[in-house]
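# A closer look at the structure
In case you want the letters, here they are:
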Amino acid sequence: MQIESLAHIEAIVIGGSAGAVEALNGLLPTLPSGFPAAVFVVLHLPRERPSMLAEIFAAKCAVPVEEAEDKRPVRRGTVYFAPPDYHLLLEEGPSLALSVDDPVNLSRPSIDVLFESAADVYGRSLMGIILSGGSADGAAGLTAVRSAGGLTVVQEPSSAAVPLMTTSAIERCSVDCVLPFDEIAALLRRIHK
Amino acid sequence: MDAEIEPAANARTRSFAIEQQLLLEAVYQRYHYDFRAYAPASIKRRLQAAMDRLGCGTLSLLQDRVLHDETAFPSLLDILTVPVSEMFRDPGYFRALRERVVPVLKTYPSLKVWVAGCSTGEEAYSLAILLREAELLDRTLIYATDINPHWLEVARAGVYDLDRIAHFTDNHRKSGASRSLSEYYTAAYGRAAFDRSLKQSIVFSDHSLATDGVFAEVELVSCRNVLIYFKHDLQSRVIGLFREALCRKGFLGIGAKESLRFSAQEPAFTEVSREHRLFQKKDGA
């Protein structure tokens, strides 16, 4: 699909599990300083271990990278990671919210939980991206992004280290584009004018 | 897709938000449970679960059902207050209590502890066990409060599925325990029943952080993963209650990802452990 304009995108939600850190390595460090959209990331992680993701990516990225904190107002141009063992949700404001509700799709944080709440808040100003992963979490969430008029992007399954998450999303949701992650990175940079 | 046409899903989202407000108002007026200042995104997910469980296609139908069928309300309340607790959750918190708080508590002749939002009791029993191991339980009274009478009943029974116990045992060990968790329960028929001697020190009672006041002066408040479910103003109210309930230089423990930062009450507390979210009320605060 030909994407006309991305100027209306205010927020990007990204989900992945196995193999997704590598894909994020190709995406997040390419975001330019002053990037106009907020980015929220759920990766499935082992629980009970402090996540180093925010620190690791903060060192590599031109944009601020933080672990999401409950009730914190969202700042555009910042990348937020869901903390391990908490769901990350978005509230009107927009602001961040955390919950310890039961795992969804055996996952906490769950991609569906993030994507569905983000679709409510951002509607068609949202872009949803599903990366490499070994579960079907995210397929329902991406469908919610699509229903709300947001843009849906899935990493090309052949380029994903573990393709199940991407193929599940493609089966469940008529996605706008399926791209190798270097082209997803190019797409994100187009938001920045 | 024509960018000018509003997707139908977004109209549904707006309607849901309206229905959600109306339902929570109805629940408050009819049953006096106040969820109006709870964080809406999590409440929405729980209400969607309630619609499924109670077979209601819309939130308005659920409201109709709850207003006209009194037997439906306890089911809704159970879903809105779904238990999410475990024993010795975040073992580092309990380790920090043992190391930083217990030595101070030992200087008091008697102790009162408030476990606010105790749900099915796991946190209250964890603290009772910790205080037993610190040889403080005999002079301690633990108030464990929650809004859901059903969960308070489960908490009073102190019986948990045996398949959860391995995880509890692991947490307990990591919290710096000197004994095995198995010393505190009796296992039978796939269940673990915690000792009467622990229960004797715990008073489980009905209390709403949203609408009730302070009922006792306490040396320690533990309220973890409750505040994240509240909006900003309710968080401030609740932290204000804790400040009022705490004795001079009393301790407050909150959840690993919770913060006093966005609360007007923050200046009344000093940090005891930033990592484990332990605070102490300032002298004179």
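Predicted, not measured: the structure shown is a model, and the values here were computed from it.

### Looking at the overall build of chain B
A count of helical and extended segments in chain B gives ten helices and ten strands. Taking 19 Å as the expected radius of gyration for a compact globule of 285 residues, we find that chain B reaches 21 Å, a close match to that expectation. Along the longest, intermediate and shortest principal axes, the C-alpha atoms of chain B span 65 × 50 × 40 Å. A buried classification covers 43% of the 285 residues belonging to chain B. When contacts within chain B are restricted to residue pairs at least 6 apart in sequence, those whose partners lie at least 24 apart make up 75%.

### Points about the nonpolar core
Judged by nonpolar contacts, the single largest core of 133 residues is most densely connected at Leu-114 and Ala-118 of chain A. Here the element with the most residues in this core is helix H3 (residues 111-122) of chain A; it accounts for eight residues. Look past the residues within four positions of Leu-114 of chain A in its chain and what remains in contact with it is Val-13, Gly-15, Phe-40, Val-42, Ala-82, Leu-88, Leu-89, Pro-109 and Gly-141 of chain A. Ranked by size, the runner-up nonpolar core spans twelve residues in total, among them Val-27, Leu-59, Leu-62 and Val-66 of chain B.

### A look at the domain arrangement of chain B
Residues and elements named next belong to chain B. For chain B, the assigned domains read domain 1 (8-80) and domain 2 (91-281). Placing a centre on the C-alpha atoms of domain 1 and another on those of domain 2 gives a separation of 29 Å. Listed as interface residues are nine residues of domain 1 and, on the opposing side, eleven residues of domain 2. Per element, the largest residue contribution to the side of domain 1 that touches domain 2 is three residues, and it comes from helix H4 (residues 72-80). Of the residues assigned to the side of domain 1 that touches domain 2, the class counts are six nonpolar, one polar and two charged.

### Things to note about the confidence of the model for chain B
Residues with a pLDDT of 70 or more make up 99% of chain B, whose mean pLDDT is 95. Note on the complex model: pTM 0.94, ipTM 0.93.

### With respect to the sheet that holds strand S3 (residues 159-161) of chain B
Residue and element names in this part refer to chain B. Read across the sheet, three strands follow the order S3-S5-S4 without closing on themselves; strand pairing throughout is antiparallel. The open sheet has two edge strands, S3 and strand S4 (185-188), and neither has a second partner. Across the sheet, the axes of successive neighbouring strands diverge by a mean angle of 25 degrees, strand direction being ignored. Examined bridge by bridge, S3 and strand S5 (residues 191-194) share three bridges and lie antiparallel to one another. The residue of S5 that forms the bridge with Val-159 is Ala-193.

### Details of the interface of chain A and chain B
Contacts between chain A and chain B engage 21 residues on the former and 19 residues on the latter. Contributions of two or more residues to the side of chain A that touches chain B are made by strand S5 (87-91), strand S6 (95-99) and H3 of chain A. By residue class, the composition of the side of chain A that touches chain B is eight nonpolar, five polar and eight charged.

### So, the pairing of strand S7 (residues 126-130) of chain A
Residues and elements named next belong to chain A. For S7, a buried count of five out of five residues is recorded, marking the element as mostly surrounded by other parts of the structure. Residues of S7 alternate between two faces, with Leu-126, Gly-128 and Ile-130 on one and Met-127 and Ile-129 on the opposite face, all of them buried. With five bridges joining them, strand S1 (residues 11-16) and S7 adopt parallel strand pairing. Within S7, the residue paired with Ala-11 across the bridge is Leu-126. Pairing of S7 with strand S8 (residues 151-155), which is carried by four bridges, proceeds in the parallel orientation.

### Examining helix H3 (residues 59-68) of chain B
Residues and elements named next belong to chain B. Within H3 the residues assigned to the buried category are Leu-59, Leu-62, Gln-63 and Val-66. Angular distribution of buried residues about the axis of H3 spans 100 degrees; they occupy a single face of the element. On its buried face, H3 is in contact with helix H1 (8-31), helix H2 (40-54) and H4.

### Quick look at helix H8 (residues 162-174) of chain B
Taking 1.5 Å of rise per residue, 13 residues should cover 18 Å, and H8 of chain B covers 19 Å from first to last C-alpha, within 8% of that figure. A positive phi of about 90 degrees marks Gly-176 of chain B, the residue just after H8 of chain B.

### What about the sheet that holds strand S7 (residues 218-223) of chain B?
All names here are of chain B. The seven strands lie next to each other as S6-S2-S1-S7-S8-S10-S9, forming an open sheet whose pairing is mixed. Whereas interior strands pair on both sides, the edge strands pair on one side only; in this sheet they are strand S6 (202-206) and strand S9 (269-273). Taking the axes of each pair of neighbouring strands and ignoring which way they run, one obtains an average angle of 20 degrees across the sheet. Pairing analysis gives four bridges linking S9 to strand S10 (residues 278-281), with the strands arranged antiparallel. Residue Phe-269 lies in a different strand from S10, and its bridge partner there is Lys-281. The strands that helix H6 (residues 122-133) touches are strand S1 (111-116), strand S2 (140-146), S6 and S7; relative to S2, the one it contacts most, it runs at about 170 degrees.

About the criteria used
- Here, residues in each chain are numbered from 1, in the same order as that chain's written sequence.
- Starting at A for chains and at 1 for ligands, labels are handed out in the order in which the entities are written.
- In keeping with the model being predicted, local features are shown solely for residues with a pLDDT of at least 70 and side-chain atom pairs are shown and tallied solely at 80 or more, while totals for entire chains, interfaces and linings include all residues.
- Put simply, DSSP H or I for four residues or longer makes a helix, DSSP E for two residues or longer makes a strand, and each gets a number counted from the N terminus.
- Both definitions apply: the radius of gyration is a C-alpha atom measure, and the globule rule equals 2.2 Å times residues to the power 0.38.
- Three exposure classes are used, based on other C-beta atoms lying within 10 Å of a residue's own C-beta, which is placed from the backbone: buried for 20 or more, exposed for 12 or fewer, and partly exposed in between.
- Any two residues are considered in contact once their C-beta atoms, placed from the backbone, lie within 7 Å.
- Put simply, a nonpolar core is buried Ala, Val, Leu, Ile, Met, Phe, Trp, Tyr and Cys residues tied into one set by C-beta atoms within 7 Å.
- Marked domain ranges trace back to an automatic or database domain assignment.
- Residue classes follow a fixed rule: Ala, Val, Leu, Ile, Met, Phe, Trp, Tyr, Cys and Pro count as nonpolar, while Asp, Glu, Lys and Arg count as charged, and any other residue, Gly among them, counts as polar.
- Looking at any residue, its pLDDT shows the predictor's confidence there, from 0 to 100.
- For two strands to be treated as a pair, DSSP must find no fewer than two bridges joining them.
- Interaxial angle, 0 to 180 degrees, is taken between N-to-C directions of lines fitted to C-alpha atoms, where a helix line uses only the stretch in contact.
- Picture the helix axis, draw a direction to every C-beta atom, and the arc is the one those directions span.
- Expected span, for any helix, means 1.5 Å times one less than how many residues it has.

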